[in-house]
Amino acid sequence: MNTKLQNSTHTEMSWKKRSKIIFDRLGMLIVLLLLIGIMSIFAPSFTDPGNIMNILKQSSITAILAAGMTVVILTGGIDLSVGSILALSGVVSVMLSNAGVPVPVAMAAGVAVGYAAGAINGYFTAVPKLPAFIVTLGSMTYVRGLAYVITGGYPVVLISENFKFIGAGYFLGVPTPVYVMTIVYIIMFIVLKYTLFGRHIYAVGGNEEASRLTGIKVERTLIHAYSISGLLAGLAGVVMASRLYSGQPMVGVASELDAIAAVILGGTSFVGGRGRIQGTIIGVFIIAVLTNGMTLLNVDYYWQQVVMGVVIILAVLLDRIRRT
Amino acid sequence: MGGNIEFQKKKRKDYQSKTISPILTMDSINKSFTNVQVLKNVNIELFKGEVHALMGENGAGKSTLMKIMAGIHQPDADSGKTIYKGAEVNWNNPMEARNKGISVIHQEISLSPNLSIGENILMGTKFKKNKFGLVKWNDIFEKADHVLKSIGSTLNPKVNVSTLSVAQQQMVEIARALSLNSEILIMDEPSASLTDKEILKLFGIIDELKQKGVAIVYISHRMDEIFQISNRFTVLRDGEWITTGHISETSPANLVKHMVGRELVDLFTKKSEVTKIRSKEEIPVLELKGISDKNTVRNVSLKIHEGEIVGLAGLVGAGRTELIRTIFGLSELKEGQIILNGEKVNINSPVEAIKLGIAHVPESRKEQGLMANLSVKENILMNRLPTYRKFKLLQKKLMDKEADRYINELGVRAASKEQNIMGLSGGNQQKVVIAKWLSINPKVLLLDEPTRGVDVGAKTEIHKIICNLAERGLAVLMISSELPEVLAVSDRILVMHEGELKADLSKEEATQEKIMYHATGEINQ
């Protein structure tokens, strides 16, 4: 029923149905706008350009992780290893740069490490068909372990000034990570909507058996999905290292959970096959605005966590209600 | 149908007068699932100590009737009464029926593999507790052992079910049913997975149960078994009661006649004059030489020529789906050769099959055919997406045009091509699945129950589509459990029974009776 309503565009519709469709499409955007409205009333400094930039900058790392996470969750999987990949990639790129490797090469190497870790996740999920949760739980542990091994557990301070631009620099008054995030989302939007791979992600996530019978190379699609998640985690790691002026093996602990929360808030279905990258970025901003606003309103940090948890459950509940 | 009811009543009266009162009487049972009526005024009577064979084609309503008898389904409100041991009963759930003595042994084994035999047998009863309030294991194993011994089984009740063979598991199922002191035991295809020796043992047990006065409902597709062990039979067809009688007063041929007896009305019929002449000289498009898979399919050889529609008939479990899956590279080929246009090919995956021009419309539309989350358009074009790319990007305009073309060609009725596929009727969904395959220009089309769950109108349209495709030169292999459909659409009909091809009938010689005869393995007519 619901799907019928959403899609029959040229039939007469009552105002009620129309508003339902609008809410279906824009639900979380409305929530985000409401939140922004509330925050700007109660916390006047919320709308300061500086604060806005701050929100954007802070959410960029989670946003990049969440973009990759969206792809994986669309296939019906999960990637718990992105926080660890972020740490390893950051450490690797900083160490290479410090060893005299040109900055772009060092950064590319960091991203490549992420890609490789993701491809390994994908292989074990797709070919021997191990549960994604288990595979990425394992890699979450071993990847972080590797980051500790190669650094001996200590942060590696960045020497090159050029390296700092991508995470800590500004371009036309806007922090560079915001550009990175924007580019990632534009590319991912196009990939998911207008490429073969993107449509195969939806097909496999929606019905793996039917996809296989249709001749889609399901294994390859899955491996690519996890590889992309790993690659973007690697990119996030490089940006993070640049922002912190150092490669830190302990960075990004539990950031995979923020990414997952953003994807879910953005309306992507956990069983796969349904969701949009636009939703994910809205989910990221909802979390960022909520955190930032609560801090401005002097809400106790521990209470902020309580609120965040409740919001996530409510968001999913809302999603369930509006779809039934 | 009015006259038919009169006839039914008369027959039942005749029968009743000969006997003592039945232990269970079900009178004009109706059952509908979401507006589809699957049982219409069905009657059945069971007597103590009899084996009652319940016969009928796939989808005749046997399982539904049994499920109502066992309380798994509830009959519709306008049904007649169910009288059990002299009182009217209305089961609300299977537990009620089981506690009162009606047990089912399901076709699929329903044991918990990681629990012991003893636990499985006594599952659903209250376990005795020891003085600490914990489970008293000895009691469970003793009771289970007692039941097992009573059916002549030497299985150790402490052993995990997962270590047992299928036949042994079947024994556990029977023991479980008997542990409840059942007075009615329903056996749904109990012999399907047993070897001949094990079947003999099963019959021994059934004989003993008969002596004890248990009434047994026996569902089986194997004619020889039915005649070996049953006393009486009831035949259902298309959800209706057809006849009841003593097995000694009938014959396999007679039973088959009752089971099929459907009229061939309103079905689109293929004209196959042209193809017949051609097919003698040409190399077949698809040829199978003695192929077997790991489990079911045994030594199947067949040829399909250009433009030919070959129907593949048989009962559920005969290995038809498995055969098609083997051709499509979904299950492993153990022996034999697949030859396409005179060339031997190796097919290890659907991807390879598709490259060779083989299309496959699977048995279960929802689980295997459709991407429920995507639009009509994307479902149609999914196979061909790579061809709509320009600089790696999919071209929306081109895709829209192509989708419209297929929607028009196959007459898919949808509000819009952007509509979600699940909003379509079953028939239109099936057209979409077929359209998906046309886009690869296949040479061979494998259809597995192409009109299951499709209304009559759409059925005819799908038949027309299939025939049009054959006229364009496709070789079509169509599985169907609906005999009228097989007879109407096919040029030739193959019948499978227990993994083997039993018959190759031309359109002229094939009749429902003949097909059913071969399908039930009754070859020496």
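An unreviewed UniProt entry annotates chain A as Ribose ABC transporter permease of Salipaludibacillus neizhouensis. Taken verbatim from the UniProt record of chain A, the Subcellular location (unreviewed entry) comment is "Cell membrane".

Helix and strand counts for chain A stand at 14 helices and four strands. Taken against the 2.2 N^0.38 rule, which gives 20 Å for 324 residues, the C-alpha radius of gyration of chain A at 20 Å falls within 12% of a compact globule. Counting only C-alpha atoms and orienting by the principal axes, one finds that chain A spans roughly 65 × 55 × 35 Å. When each of the 324 residues of chain A is scored for burial, the buried share is 52%. Within chain A, counting contacts between residues at least 6 apart in sequence, those at least 24 apart form 77% of the total. With the model as given, the accessible surface of chain A reaches about 14500 Å², and the carbon-plus-sulfur share is 71%. Considering chain A, the positive charge centre built from 21 side chains and the negative charge centre built from 12 side chains are found 9 Å apart.

Moving on, we come to the interface of chain A and chain B. Across the boundary between the two partners, chain A contributes 26 residues, which contact 33 residues of chain B. Summing both sides of the interface, chain A and chain B together bury roughly 2300 Å²; the carbon and sulfur share of this comes to 63%. Per-residue buried area on chain A facing chain B is highest for Leu196, Leu213 and Thr214 of chain A; these three make up 28% of the total on that side. Linking chain A with chain B are one salt bridge. Counting across the chain A and chain B interface gives eight residue pairs in polar contact (both at pLDDT 80 or more). Where the side of chain A that touches chain B is concerned, the elements lending two or more residues are helix 1 (2–7), helix 8 (176–194), helix 9 (196–206) and helix 10 (208–214) of chain A. The residue inventory of the side of chain A that touches chain B, partitioned by class, reads eight nonpolar, twelve polar and six charged.

Residues and elements named next belong to chain A. Where helix 3 (residues 49–74) meets helix 12 (residues 255–265), the axes come as close as 8 Å, and the angle between the chain directions of the two elements is 65°. As for the relative orientation of helix 3 and helix 12, their crossing is right-handed in sense. Along its contact with helix 3, which presents Thr62, Leu65, Ala66, Met69, Thr70 and Ile73, the element helix 12 presents Ser255, Glu256, Asp258, Ala259, Ile260, Ala262 and Val263. Grouping the amino acids of the contact of helix 3 with helix 12 by side-chain chemistry returns eight nonpolar, three polar and two charged.

Residues and elements named next belong to chain B. Mapped onto the elements of the fold, Glu50 is located in the loop between strand 2 (36–46) and strand 3 (51–55). Of the polar contacts made by the side chain of Glu50, one reaches the backbone nitrogen of Phe47; its length is 2.9 Å. A distance of 2.8 Å separates polar atoms of two side chains, one belonging to Glu50 and the other to Arg232.

Moving on to the confidence of the model for chain B. Summing up the model confidence of chain B, the mean pLDDT is 85 and the portion of residues at 70 or higher is 91%. With pLDDT under 50 throughout, residues 1–18 of chain B is counted as low confidence; its partners more than four residues away or in other chains account for 19 contacts.

Here the focus is the domain arrangement of chain B. Residue and element names in this part refer to chain B. Under the domain assignment, chain B is made up of domain 1 (2–101 + 184–260), domain 2 (109–181), domain 3 (263–357 + 442–525) and domain 4 (367–441). Placing a centre on the C-alpha atoms of domain 1 and another on those of domain 2 gives a separation of 28 Å. The tally of links between domain 1 and domain 2 comes to zero salt bridges. Counting across the domain 1 and domain 2 interface gives zero residue pairs in polar contact (both at pLDDT 80 or more).

The next point concerns helix 16 (residues 426–438) of chain B. Between the first and last C-alpha of helix 16 of chain B there are 19 Å, a value that for 13 residues agrees with the 18 Å anticipated at 1.5 Å per step. Within helix 16 of chain B, twelve of the 13 residues are buried, which leaves the element mostly enclosed by the surrounding structure.

This next bit is on the environment of Ile166 of chain A. Residue and element names in this part refer to chain A. Along the chain, the position of Ile166 falls in helix 7 (residues 165–168). Along the chain, Ile166 and Gly152 lie 14 residues apart, while their C-alpha atoms are 26 Å from each other. Discounting residues that sit within four places of it in the chain, Ile166 has contacts with Met107, Thr176, Pro177, Val180, Val238, Val239 and Ser242.

The subject of this paragraph is the pairing of strand 10 (residues 240–246) of chain B. Residues and elements named next belong to chain B. Within strand 10, six of the seven residues are buried, which leaves it mostly tucked inside the rest of the structure. Here strand 9 (residues 232–237) runs beside strand 10; their pairing, made up of six bridges, is antiparallel. Looking at strand 10, one finds that Leu236 is bridged to Trp241. Hairpin connection from strand 9 to strand 10: two residues lie between these consecutive antiparallel strands, with Asp238 at a positive phi of about 50°.

Structurally, Thr176 of chain A is set in helix 8. There is a polar contact of 2.7 Å between the side chain of Thr176 of chain A and the backbone oxygen of Gly169 of chain A.

Procedures and definitions
- Residues numbered from 1 in each chain as written.
- Chains lettered and ligands numbered in written order.
- Predicted model: local features only at pLDDT ≥ 70, side-chain atom pairs only at ≥ 80, totals over all residues.
- Heavy atoms only, no water.
- UniProt positions renumbered as here; feature names shortened; annotations may be inferred.
- Helix = DSSP H or I, 4+ residues; strand = E, 2+ residues; numbered from the N terminus.
- Rg over C-alpha atoms; globule rule 2.2 N^0.38 Å.
- Buried < 20%, exposed > 50% of the residue type's maximum accessible area, 1.4 Å probe, protein only.
- Contact = heavy atoms within 4.5 Å.
- Areas by Shrake-Rupley, 256 points an atom, 1.4 Å probe, with all protein chains shown as cover.
- Lys, Arg positive; Asp, Glu negative; His and termini not counted.
- Charge placed at Lys NZ, Arg CZ, Asp CG, Glu CD.
- Buried area = accessible area lost by both parts, 1.4 Å probe.
- Salt bridge = Lys/Arg side-chain N within 4 Å of Asp/Glu carboxyl O.
- Polar contact = N/O pair within 3.5 Å; in protein donor to acceptor, adjacent residues only side chain to side chain.
- Nonpolar A, V, L, I, M, F, W, Y, C, P; charged D, E, K, R; others polar.
- Axes fitted to C-alpha atoms, helices over the stretch in contact; angles between N-to-C directions.
- Left-handed = near helix turned anticlockwise from the far one by under 90°.
- pLDDT = per-residue confidence, 0-100.
- Domains from an automatic or database assignment.
- Expected span 1.5 Å × (residues − 1).
- Pairing = 2+ DSSP bridges.

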